[in-house]
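Each chain, written out:
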Amino acid sequence: MVGAKMAGAAAASIRERQTVALKRMLNFNVPHVKNSTGEPVWKVLIYDRFGQDIISPLLSVKELRDMGITLHLLLHSDRDPIPDVPAVYFVMPTEENIDRICQDLRNQLYESYYLNFISAISRSKLEDIANAALAASAVTQVAKVFDQYLNFITLEDDMFVLCNQNKELVSYRAINRPDITDTEMETVMDTIVDSLFCFFVTLGAVPIIRCSRGTAAEMVAVKLDKKLRENLRDARNSLFTGDTLGAGQFSFQRPLLVLIDRNIDLATPLHHTWTYQALVHDVLDFHLNRVNLEESSGMENSPAGARPKRKNKKSYDLTPVDKFWQKHKGSPFPEVAESVQQELESYRAQEDEVKRLKSIMGLEGEDEGAISMLSDNTAKLTSAVSSLPELLEKKRLIDLHTNVATAVLEHIKARKLDVYFEYEEKIMSKTTLDKSLLDIISDPDAGTPEDKMRLFLIYYISAQQAPSEADLEQYKKALTDAGCNLNPLQYIKQWKAFAKMASAPTSYGNTTTKPMGLLSRVMNTGSQFVMEGVKNLVLKQQNLPVTRILDNLMEMKSNPETDDYRYFDPKMLRGNDSSVPRNKNPFQEAIVFVVGGGNYIEYQNLVDYIKGKQGKHILYGCSELFNATQFIKQLSQLGQK
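Counting from 1, residues in each chain are numbered in the order their sequence is written. In keeping with the predicted nature of the model, local features appear solely for residues at pLDDT of at least 70, side-chain atom pairs appear and are counted solely at 80 or more, and the whole-chain, interface and lining totals rest on all residues. For side-chain calculations, the full set of non-hydrogen atoms in the structure is used, while hydrogens and water are omitted.

> I'm lost on the pattern of salt bridges in this one. Help?
Oppositely charged side chains can pair when the atoms bearing their charge come close. Only one rule defines a salt bridge in this text: a Lys or Arg side-chain nitrogen within 4 Å of an Asp or Glu carboxyl oxygen. Applying the stated criterion across every chain yields a total of 30 salt bridges. In this structure, E294 engages K313 in a salt bridge whose closest nitrogen and oxygen atoms are separated by 3.9 Å. With E294 in strand β11 (residues 290-294) and K313 in strand β12 (residues 313-317), this residue pair connects regions lying 19 residues apart in the sequence. The burial state of E294 is the same as that of K313; both residues are exposed. Ionic pairing is found between R454 and D451, a salt bridge with its closest N-O pair at 3.9 Å. Taken together, the residues R454 and D451, both in helix α17 (residues 449-462) and 3 residues apart, mark about one turn of the helix. Here the two residues R454 and D451 agree in accessibility, since each one is buried. Three or more residues are tied together by salt bridges with common partners; here these are D282, R415, D451 and R454. Under the DSSP-based scheme used, a helix requires at least four consecutive residues in state H or I and a strand at least two consecutive residues in state E, with every element numbered from the N terminus. Summary of the burial criterion: residues with accessible area below 20% of their type's maximum are buried, those above 50% are exposed, and those between are partly exposed, where the area comes from a 1.4 Å probe applied to protein chains only.

This is how it looks when you write it as structure tokens:
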């Protein structure tokens, strides 16, 4: 099974790999051939929430239908028997899922069963299924049982997250709880390692692992090294056979896996941001590539030609197919607003052209002139009509981004996010500040209590020495008056005291954002984005701590920050515990994985960093993806104790 899974390895981003694996599974684990003329075999897909989260960012309902999936249902829902149809199951091998599958067998729901487990199933659970099948005399109906090793969620070509359903289990809070027992910690680590193992099986490569010492990241590294090693030893069942096949996009070199602990940088996840994707994640409800917007009532004066608005939740999928999203998700927000405007104008021009042709066509049979005009217009109309579907799709994307960008803009204006972003950038790069922190905290118009708290925490984390007790009291009072919950600060204080013993605070490079004057071009009256008062900040590329660490390790630079990182090579016969790398060449491909949660700011920073490196690739992964609101909530829970 694995051999074939690897064969398509040269094709790929992790997103393609996982999609190919899913299509193969839906095709009864036979490689899916695009151009087969026959109708697909009609079947039902039964998944649990985990399976649903893995499939939904990758395959649309239409793609499922093309694969012959007529019905997709949750395992634990009431399902009617469909006796003459095969069923493909895609579920985690948990007790309750196994019980439910056994029940399906007893009730003879389907013609045949293809059982696919997201993560490897244990021997004992497999026996439970076998016993149930025997008892229900349905042994012949259980066609195949497969471990798919797909227990991770791919969000972008170069980004993945471990899980979404039980993310509390592997959250920053879970790993950093003061009262966590060793056995609980083991469970958390095993969960993370299981997913990372699945990730490398799907990627088809055995990485070289580097991690910092004395952190949760180190525990993950030790366990992952062991798991990969055991699998490689077991030659008959190794999942990495023909390893060179899957070594990477072009190179035969193995990828580098850098395991980073969230604690090395707590400022970035709290940072206000300025790029499109990160802003959408920060201020809107953006989850597994889908953004949910609540239509506000102030939208009555919508642009002409828009559908009448219903006041309800709308959700949009921001996918790789969306060209505008792919192009602009990393752009500063003002640029995005301008591009939406340009797209709209070019769309209107095309639309007017089609209308013009239609009106000429209405002249039929009036006079000779019209007839001669007709003949050259027929060709034009034909091309206009053939471009209609494309035009409609363009219209859909423009509407989508107009709505999303408008929603983001409302937040920026209401909360003065541009001011926060610029001020935090200055704090993090130790530039002189033009106005006092207290002023912003005390300004009732600037942001929500949470925005103020984020700003203060960044200041506190980035400060070389903590503010004096007297100053701290003053800040605390201002924060309390502004309605902030001080719990997160409690935790950060303990964390900082602890981190200080361990190492010096991380520096964020010295960078500044240059305001470019207000948005001159977007300010013209034709634009529907009223950006007045919002600063047009342009970003200068600076490397965040995560990117810096990766750069040192990937390029084999010597740097005190990363010199004592541990080095693991699961392929070496004896695991040796040296931090001395065997291979001295820079890596072509790397995976950065943050234990304790990641964000789109770091992802974007890595993407920008690698753009300047010819022929190199980076993947960013994290145990969970949280925005600042969710992170503050976890810090607050940690600070309560």
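> Would you take a moment to explain the packing of aromatic side chains for this structure?
How two aromatic rings sit relative to each other is given by the distance of their centres and the angle of their planes. Planes of paired rings set the category: under 30 degrees apart is stacked, over 60 is edge-to-face and the rest tilted, where pairs are Phe, Tyr or Trp rings (Trp by its six-membered ring) whose centres lie within 6.5 Å. Under the defined criterion, the tally for this structure stands at 24 aromatic pairs. Where W274 meets F421, the ring centres are 5.8 Å apart and the plane angle is 15°; that geometry is what we call stacked. Pair noted here: W274 is in the loop between β9 (256-261) and α10 (276-283) and F421 is in helix α15 (residues 417-428), with a separation of 147 residues, a long-range link. Across the pair, exposure class does not vary: W274 and F421 are buried alike. A ring pair is formed by Y276 and W325, whose centres lie 5.3 Å apart and whose planes are at 70°; its orientation type is edge-to-face. On the criterion of sequence distance, the pair formed by Y276 in helix α10 and W325 in helix α11 (residues 323-328) is long-range, its members being 49 residues apart. Looking at Y276, the relative accessible area reads 0%, which means it is buried. Among the aromatic residues, those joined into a cluster by ring pairs are Y276, F286, W325, F333, Y600, Y603 and Y620. One residue, K43, lies across the ring of F28, its end atom 4.9 Å from the ring centre. Charges are assigned to positions over rings by a cutoff of 6 Å between ring centre and Lys NZ or Arg CZ, combined with an angular limit of 35 degrees from the ring normal. Positioned above the aromatic ring of Y460, the side-chain terminus of K496 is 5.9 Å from the ring centre.

> Mind showing me how you'd approach the sheet that holds strand β2 (residues 69-74) here?
Whether parallel or antiparallel, the strands of a sheet pair through hydrogen bonds between backbone atoms. In this description, strands pair whenever DSSP reports at least two bridges between them. The 5 strands lie next to each other as β2-β1-β3-β4-β5, forming an open sheet whose pairing is parallel. One side of each edge strand has no neighbouring strand; the edge strands of this open sheet are β2 and β5 (142-147). Recorded for the sheet is a direction-independent mean angle of 20° between the axes of neighbouring strands. Here 7 bridges tie strand β3 (residues 82-91) to strand β4 (residues 110-117), and the two strands are oriented parallel to one another. Its bridge partner lying in β4, A87 is registered against Y113. Sitting on the sheet, helix α2 (residues 14-26) touches β1 (43-47), β2, β3 and β4, and the angle it makes with β3 is about 155°. Working convention: axes come from line fits to C-alpha atoms, limited for helices to the stretch in contact. Angles between N-to-C directions cover 0 to 180 degrees. By definition, residues are in contact when any of their heavy atoms lie within 4.5 Å.

In short, geometric facts, not functional conclusions.
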